[in-house]
Amino acid sequence: MIDMIPENGIPTEPGAGRKRKILVVEDEFVNREILNAMLEPEYEVISAVSGADAETVLRLRAGEISLVLLDLNLPDRHGLDILREMKEETRTAKIPVIVLTSDKEAEVECLNFGAIDFIPKPYPIPKVVQARVRRTIELSEDRDLIRDTERDHLTGLYTREYFYRYAAQCDVYNPDVPTDALVLDVNHFQMVNERFGKQYADEVLIRIGRAIVALVGASGGIACRRSADTFLVYCPHLTDYPAFLDAIVTAACGDDKGRIRVRLGVCAEAEKSVEMQTRFDRAKIAADTVRGSFTECIAFYDSAMHEKEIYAERLLDEFQAAIDGKQFSVYFQPKFDVRPEKPVLCGAEALVRWIHPELGVISPGIFIPLFENNGLIRILDRYVWRETVRQIAEWKRKYGRTVPVSVNVSRIDMLDPDLVGTLRDLVTKGGLAFGDLHLEITESAYTENARQIISTVNELREIGFVIEMDDFGSGYSSLNMIATLPIDVLKLDMVFIRSVFRENGNLRMLKVIVEIAETLSVPMIAEGVETAEQLNTLREMGCDMVQGYYFSPPKPAADFEKFIGDRLPTGKPANV
Amino acid sequence: MLTLETLRAFGANVEEGLQRCVGMEALYLKLTDKAIRDPAFEELREVAEKGDLDRGFELAHALKGVTANLALTPLSVPIGEITELFRNKTDTDYRPLVSAILQKRDELLSKAN
């Protein structure tokens with residue numbers, strides 16, 4: 001566009017700023033003058049009287065010119081040659097050209113060569129010429145705007161917004177052609193960036209883009225780069241996905257095929273009634289199922305995934321109603337101090353259950369990860385905290401003793417700047433001591449946002465909360481880091497316990513971990529203890545507390561009360 | 001000196017030519033004066049003598065565009081016809097046709113002078 005954007009940043013309306021420039025290539029003085037008379041009120045007209053003149057102007061001022069009016073019969077060159085050269089040259093290819101001709105046969109040829117329109121001779125009335133010129137410039141500028149926004153600048157593929165629009169058009173024009181929605185993701189692309197540099201990583205993305213176009217372009221397939229390293233492809237149904245993926249990886253890395261791994265999610269031959277974006281969401285779900293795999297790199301969206309997705313969607317939809325209707329129940333699993341000969345109840349962990357009126361009891365293993373992914377876990381956690389505080393207070397009134405209960409504090413809660421205040425208010429209003437509510441923070445949270453998490457945990461400990469590091473043994477904590485972490489209790493991961501006892505040889509590792517807890521001078525709780533053998537071994541090794549089905553599964557508050565009644569203050573577990 | 005009246009009397013479609021010149025009478029008369037003094041007319045006579053059909057087409061085609069734009073119908077019609085003959089390389093004697101065109105041109109030129 002010729003119009004400049006003014007200093008205030010607000011673009012002027014077309015025509016409100018400087019005049020657009022039109023190059024008139026016409027050797028006949030009379031014809032040039034007539035065109036000048038028609039155009040000059042609205043445009044700045046640059047005249048060229050020969051092919052050579054036109055070439056000079058285009059070479060020097062291509063970026064300024066909004067339109068070329070081109071006569072075909074010039075003294076030194078044929079207009080079609082100039083037109084062809086303009087379309088071949090990057091700097092001039094986008095300038096729209098209207099051909100001036102009295103030759104009907106030449107019109108079709110001109111359009112085929114890239115002319116956008118033609119004006120016959122003798123010229124139509126000025127209004128017609130002016131309207132054609134104005135409309136051509138408008139369309140060209142709109143097209144340039146679209147071109148700038150519809151293409152990803154790195155790969156030249158469509159941007160996401162245009163891709164979805166064009167994919168929908170594919171369906172309109174080819175309603176009966178079976179099509180696939182494909183998602184390609186480069187595994188650990190950030191590492192490709194870090195290991196080989198941004199230039200190499202960008203080159204990989206460019207090559208992937210080119211390979212996709214080469215593979216599906218001819219059959220009418222289209223592609224876009226959805227985000228940094230994610231590509232979407234919509235194409236007629238493929239039959240050999242491994243060959244497709246292999247061709248892309250080969251194109252991306254050349255001889256260094258091991259350098260990158262690409263995973264492919266396929267939503268094959270989806271019903272065209274399914275929303276376009278949904279098809280790609282499904283392909284993405286499939287792709288993510290092989291995210292960490294070194295053996296599988298292609299996954300298909302199937303009916304099982306579909307059912308799981310529908311189920312998850314239903315749970316998300318019904319979450320708020322479930323909170324309002326108190327469908328979430330807090331269960332309590334007892335923790336026993338196993339240092340005395342007879343284990344003594346020393347607390348409990350609050351665990352949430354969803355008692356759905358139609359679906360029955362829903363496992364937290366299903367809904368917790370779901371809510372963790374979208375932040376709803378914060379609402380659920382607060383619900384559990386409130387219920388737990390209320391319950392501890394009730395037991396305190398009823399039995400005159402406190403049963404400390406630990407609650408889970410999710411990763412996302414730890415990033416909440418109001419967390420400390422929220423917990424403090426909750427406990428204070430519930431009439432409890434801060435030490436009555438233990439907070440379980442998962443081991444991996446410490447490694448993700450270490451500085452902020454540690455600062456928050458320090459603040460909570462200073463107030464008086466007891467901090468239990470949950471899931472210890474499941475993550476990748478460095479020993480060096482653990483030594484400096486502010487924790488009061490180490491909670492050994494249930495999965496770790498089970499694997500240790502399943503593979504007899506790992507008992508030494510268990511011993512090492514118990515010794516770590518001793519070295520840190522913090523008590524250790526072993527979760528997931530199910531057998532007498534496990535209990536005895538842990539006891540012998542010096543584990544302080546135990547939680548698990550061996551003693552009791554998580555129980556509703558009313559059922560849990562019998563542990564309190566039976567075991568406080570004397571404490572004699574009935575089933576031990 | 002050319003006027004709109006002399007052009008009308010000549011048979012030009014003055015309203016059409018004037019409209020193309022965005023209603024600017026002076027421009028229309030100036031361009032018409034320029035057009036009828038175009039050396040291409042004289043050269044057309046020479047190529048007709050020589051039988052140079054390619055050059056004849058170039059000249060006739062150019063004159064056709066100019067005279068048609070100015071709506072000088074008594075000129076543009078025969079020039080259009082001879083253009084097609086040149087284009088098709090029709091084997092004919094072009095001299096009388098060119099003479100007729102030049103006669104019409106001269107008619108106007110005498111008014112202009």
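Above this note sits the structure.
The notes below deal with the structure included here. (Residues numbered from 1 in each chain as written. Chains lettered and ligands numbered in written order. Predicted model: local features only at pLDDT ≥ 70, side-chain atom pairs only at ≥ 80, totals over all residues. Heavy atoms only, no water.)

Observations regarding the overall build of chain A
The condition is simple: Numbering of helices and strands runs from the N terminus; a helix is a DSSP stretch of H or I covering at least four residues, while a strand is a stretch of E covering at least two. Think of it in three bands: residues with accessible area under 20% of the maximum for their type are buried, residues over 50% are exposed, and the middle band is partly exposed, with areas taken using a 1.4 Å probe on protein chains only. Contacts are residue-level and defined by heavy atoms, with any inter-residue pair within 4.5 Å sufficient. Reported accessibility uses the Shrake-Rupley method at a 1.4 Å probe radius. Residues are deemed covered only where the shown protein chains occlude them.
Counting secondary structure elements, chain A contains 23 helices and 20 strands. In chain A, which comprises 576 residues, the proportion classed as buried is 49%. In chain A, of all internal contacts separated by at least 6 residues, the share reaching a separation of at least 24 is 65%. Only carbon and sulfur atoms are counted for the fraction: they give 52% of the accessible area of chain A, which is about 27600 Å².

Topic: the side chain of E387 of chain A
When you line up the elements, E387 of chain A lands in helix α14 (residues 376-399). For E387 of chain A, the residues in contact, after removing those within four places along its chain, are K326 and V330 of chain A.

What to know about the interface of chain B and chain A
Stated precisely, the cut-off is as follows: Summed over both partners, the accessible surface that disappears when two parts come together, traced with a 1.4 Å probe, is what is meant by buried area. Distance and chemistry together define a polar contact, namely a pair of N or O atoms within 3.5 Å, with one atom able to donate a hydrogen and the other to accept it when in protein, and with adjacent residues in sequence counting only for side-chain atoms on both sides. Classification used: nonpolar for Ala, Val, Leu, Ile, Met, Phe, Trp, Tyr, Cys and Pro, charged for Asp, Glu, Lys and Arg, polar for all others including Gly.
Facing the 20 residues of chain B at the interface are 16 residues of chain A. Together chain B and chain A conceal approximately 1600 Å² of surface at their shared face, both sides included; 65% is due to carbon and sulfur atoms. The interface formed by chain B and chain A includes 4 residue pairs in polar contact (both at pLDDT 80 or more). Elements represented by at least two residues in the side of chain B that touches chain A include exactly α2 (14-20), α3 (25-36) and α5 (53-69) of chain B. If you tally residues by element for the side of chain B that touches chain A, the top one is α5 of chain B, at 7 residues. Of the residues assigned to the side of chain B that touches chain A, the class counts are 10 nonpolar, 4 polar and 6 charged.

Overview of the side chain of S410 of chain A
With respect to the helices and strands, S410 of chain A occurs in the loop between β14 (405-409) and α15 (411-414). Overall, the relative accessible area of 9% leaves S410 of chain A in the buried class.

A look at the sheet that holds strand β10 (residues 298-300) of chain A
All names here are of chain A. Worth spelling out the cut-off: A strand pair is defined by DSSP finding two or more bridges across the two strands. Note on method: axes are straight lines fitted to C-alpha atoms, helices fitted across the in-contact stretch only, with angles between N-to-C directions ranging 0 to 180 degrees.
Across the sheet, which stays open at both edges, the 5 strands sit in the order β7-β8-β6-β9-β10 with mixed pairing between neighbours. The sheet is open, and its two edges are formed by β7 (222-227) and β10, each paired on a single side. Neighbour to neighbour, the strand axes of the sheet diverge by 20° on average, direction disregarded. Along the sheet, helix α7 (residues 160-173) contacts β6 (179-186), β7 and β8 (230-236); its crossing angle with β7, the most-contacted strand, is approximately 150°.

Notes on the nonpolar core
Filter applied, for reference: Side-chain atoms within 4.5 Å are what join buried Ala, Val, Leu, Ile, Met, Phe, Trp, Tyr and Cys residues into a set we call a nonpolar core.
Counting residues in each nonpolar core, the largest one holds 79 residues, and the members touching the most others are F328 and F371 of chain A. With 10 residues, the top contributor of residues to this core is α14 of chain A. In this structure, C21, V47, A60 and Y94 of chain B belong to the second largest nonpolar core, which totals 56 residues.

Observations concerning the pattern of salt bridges
Residues and elements named next belong to chain A. Defined as follows: Put simply, a salt bridge is a Lys or Arg side-chain nitrogen that is within 4 Å of an Asp or Glu carboxyl oxygen.
Scanning all chains against the criterion turns up 58 salt bridges over all chains. Two residues, E527 and K491, come together in a salt bridge whose shortest N-O distance is 3.5 Å. In this pair, E527 sits in the loop between β18 (524-526) and α22 (532-541) while K491 sits in strand β17 (residues 489-492), placing the two residues 36 residues apart along the sequence. No difference in accessibility class separates E527 from K491, as the two residues are buried. Bridged by salt links that share partners, the residues K335, E349, E440, E468, K491 and E527 form one connected network.

Here's the deal with the sheet that holds strand β5 (residues 117-120) of chain A
Residues and elements named next belong to chain A. An order of β2-β1-β3-β4-β5 is seen for the 5 strands of this open sheet, with the pairing classed as parallel. Lying at the two open borders of the sheet, with one neighbouring strand each, are β2 (44-48) and β5. The mean inter-strand angle of the sheet, taken between neighbouring strand axes irrespective of direction, is 25°. Across 5 bridges, the pairing between strand β1 (residues 21-25) and β2 is parallel. Pairing of I22 across the sheet is with V45, part of β2. Relative to strand β3 (residues 65-71), helix α6 (residues 126-150) is tilted by about 130°, and along the sheet it contacts β1, β3, β4 (97-101) and β5.

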